[in-house]
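# Descriptive analysis of the structure
Residues per chain are reported as follows:
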Amino acid sequence: MDKQVQRIIETVAAAFPVDGEIAVDGAWSGQVGLCACVPACNEERLIGRSLLALDAALDEGDGVVVLANGCRDASARTAQDVLQGWTRPWLLLQCEWHAGQGSAPRARRLAMDIATTLSPDALLLSTDGDTLAANGLAGAYRAAFARGGDLVCGTIDFIAEEAALLPQADPAGEYLLREYRAVSREIAEMLCPDRDNSWPHHGNIGGANFAITGKAYRAVGGLPTPPSGEDRALRRRVLGLGLRVLYVDTARVATSPRLDGRARGGLAGELQRNRTEADPIVDELLEAPETLLLRMCALRDFLAAQDVAARRSVLAGIGIQGKELDELAEKGERRAFHMAEDVSPILARRVLRLSDLAHHLPDLLKIRDAIAGDRSETALRRGAQRVGAPVRTTR
């Protein structure tokens, strides 16, 4: 291993709660155009198959960084057996965490931080050790970045043979979740159109399949590391800076739909709840119709505001007061609105269960149909006023 590469890896890892030295193996030299970052924890069952699929999906000269973290199985050895035959740049890193400090988001961040430090101009592709990339993945991402994307989100399916073995979820509950999510996104699009994506689009981001430019990654301060949901948190940061997020159907992967996940609060937990609980908690981004309408009207009007007074009016309408109101109204970028969301007593996210969605869906559909029936500004203002949403002012 090149000594300079070794030093860079050790320097980056020193900022993380790694217990002991990080073991490094691989063949890395120079810059790569795209680097796939693959955190893996106890993935011996699929990591070999995953890396073979990834190798076929990448372009010549693209690199791969695999981080085997906290493994108690043969993940690293299985990965090494595959990687050693490669001609492309690759790194296999192995680490342990200080007790209670390891997490899937932290592992993903460490892999991505190392990749962007070694190759600052590379596109960073995030995927997982239990995920199978479709052929043409790298090309699909390059095409999207050529259109000016800063963060590009591909699609994630389930590995078919594993999905077939899952316990059956309640069909009515699954339909309700899909319908509520789809209608919510449609309302959001009608009230605050996405300038970078033609509707309809999938609107999802998942750690198993997104890519970001190195420049954008560093601009947002790297990958956030909450207990789970680091992908959504990253997207929020990117949007907060006014950067472009693209959703594409051409960059595809399939991931394991297992019920014993590595991240608390992640996909596996949702799949398990939907199959074992009569009234499960649902996706945290799903909310009551009046809150969704209020949030999207406020975002629309904040971004359209031409001066501090107009932004102040919008923020006051969602309960921002005092010093925070003055400070946030001075800022015009989207991240200022995100900061307001975080402290707004009106827009605070509340836990919903499946039964809540059943209760709210009729009203959600009525709102969608009312907006679709009359897209004029007068109608939108009237609809917003019915639920107390802020309206655009001329003050």
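Below: a short report on this structure. Computed from a predicted structure; not experimentally measured. (Residues numbered from 1 in each chain as written. Predicted model: local features only at pLDDT ≥ 70, side-chain atom pairs only at ≥ 80, totals over all residues. Heavy atoms only, no water.)

### Comments concerning the overall build of the protein
Within the protein, the secondary structure is distributed over 16 helices and 9 strands. Computed over its C-alpha atoms, the radius of gyration of the protein comes to 22 Å, within 12% of the 21 Å expected for a compact globule of 395 residues. Taking the principal axes of its C-alpha atoms as reference, the protein extends roughly 65 × 50 × 40 Å. For the protein, the proportion of its 395 residues judged to be buried stands at 51%. Across the protein, contacts joining residues at least 24 apart in sequence account for 81% of those joining residues at least 6 apart. For the protein, the accessible surface area stands at approximately 18,000 Å², while carbon and sulfur atoms represent 49% of it. (Helix = DSSP H or I, 4+ residues; strand = E, 2+ residues; numbered from the N terminus. Rg over C-alpha atoms; globule rule 2.2 N^0.38 Å. Buried < 20%, exposed > 50% of the residue type's maximum accessible area, 1.4 Å probe, protein only. Contact = heavy atoms within 4.5 Å. Areas by Shrake-Rupley, 256 points an atom, 1.4 Å probe, with all protein chains shown as cover.)

### Let's talk about the environment of Leu299
With respect to the helices, strands and loops of the structure, Leu299 is situated in helix H11 (residues 289-304). Classification of Leu299 as buried rests on a relative accessible area of 6%. Put simply, Leu299 and His338 are 39 residues apart on the chain and 9.0 Å apart in space, counted from C-alpha to C-alpha. Residues in contact with Leu299, not counting those within four places in the same chain, are Cys192, Arg334 and Phe337.

### Focus on the pairing of strand E8 (residues 210-213)
By the alternation rule, side chains of E8 split into Phe210 and Ile212 and Ala211 and Thr213, which are all buried. As paired strands, strand E5 (residues 123-126) and E8 are joined by 4 bridges and run antiparallel to one another. The partner of Leu123 across the bridge, within E8, is Thr213. Sheet topology places strand E7 (residues 151-158) next to E8; 3 bridges connect them, and they run antiparallel. Looking at the pairing, Leu151 lines up with Ile212 of E8. (Pairing = 2+ DSSP bridges.)

### Regarding the sheet that holds E7
A sheet is described by the order of its strands in space; here 9 strands give the open sequence E1-E4-E3-E2-E5-E8-E7-E9-E6, paired in mixed fashion. Since the sheet does not close on itself, it has two edges, and those belong to strand E1 (23-27) and strand E6 (131-133), each with one partner. With strand direction ignored, the average angle separating the axes of adjacent strands in the sheet is 25°. Each of strand E2 (34-40), E5, E6, E7, E8 and strand E9 (245-255) is contacted by helix H5 (residues 137-146), which is oriented at about 175° to E9, the strand it contacts most. (Axes fitted to C-alpha atoms, helices over the stretch in contact; angles between N-to-C directions.)

### Details of the environment of Gly154
With respect to the helices and strands, Gly154 occurs in strand E7. Residues Gly154 and Arg252, 98 residues apart in the sequence, show an inter-C-alpha distance of 5.8 Å. The contact partners of Gly154, leaving out residues within four places of it in the chain, are Tyr141, His202, Asn204, Asn209, Val248 and Ala251.

### Remarks on the pattern of salt bridges
Under the definition given, this model contains 28 salt bridges. Where Arg72 meets Glu96, a salt bridge forms, and the shortest distance between an N and an O atom there is 3.0 Å. On the criterion of sequence distance, the pair formed by Arg72 in the loop between strand E3 (63-69) and helix H3 (75-83) and Glu96 in the loop between strand E4 (90-95) and helix H4 (104-118) is long-range, its members being 24 residues apart. Measuring nitrogen to oxygen at the nearest pair gives 3.1 Å for the salt bridge that ties Arg368 to Glu186. Remark: Glu186 occurs in helix H7 (residues 171-191) and Arg368 occurs in helix H15 (residues 354-373); sequence separation between them is 182 residues. Arg368 sits in the buried class, given a relative accessible area of 17%. (Salt bridge = Lys/Arg side-chain N within 4 Å of Asp/Glu carboxyl O.)

### Concerning the side chain of Thr155
Along the chain, Thr155 turns up in strand E7. With sequence-adjacent residues up to four places away left out, Thr155 is seen in contact with His202, Asn209, Val248, Asp249, Ala251, Arg252 and Val253.

### Some words on the packing of H7 against H15
Orientation of H7 relative to H15, taken along the N-to-C sense of each, is 35°, at an axis distance of 9 Å. In the crossing of H7 with H15, the sense of the turn from one axis to the other is left-handed. Mapping the contact onto sequence places Gly173, Leu176, Leu177, Glu179, Tyr180, Val183, Ser184, Glu186, Ile187, Met190 and Leu191 in H7 and Leu354, Leu357, Ala358, His360, Leu361, Leu364, Leu365, Ile367, Arg368, Ile371 and Ala372 in H15. Of the residues assigned to the contact of H7 with H15, the class counts are 16 nonpolar, 3 polar and 3 charged. (Left-handed = near helix turned anticlockwise from the far one by under 90°. Nonpolar A, V, L, I, M, F, W, Y, C, P; charged D, E, K, R; others polar.)

### Points about helix H9 (residues 230-240)
Helical geometry note: an α-helix holds 3.6 residues per turn, so side chains three or four residues apart project in the same direction. Listing the buried residues of H9 in full gives Glu230, Asp231, Leu234, Arg235, Val238 and Gly240. Note on H9: the residue one or two positions beyond its end, Gly242, has a positive phi of about 80°.

### Details of the packing of H11 against helix H14 (residues 334-343)
Viewed as axis vectors pointing N to C, H11 and H14 meet at an angle of 145°, and their least axial separation amounts to 10 Å. You can see that H11 and H14 cross each other, and the crossing is right-handed. For the pair H11 and H14, the contacting residues are Arg295, Ala298, Leu299, Phe302 and Leu303 in the first and Arg334, Ala336, Phe337 and Glu341 in the second. Per-class residue counts for the contact of H11 with H14 are 6 nonpolar, no polar and 3 charged.

### Looking at H5
Among all positions in H5, only Leu137, Ala138, Ala140, Tyr141, Ala144 and Phe145 are buried. The buried residues of H5 occupy an angular sector of 160° when the element is viewed end-on, so they sit on one face. (Arc of directions from axis to C-beta.)

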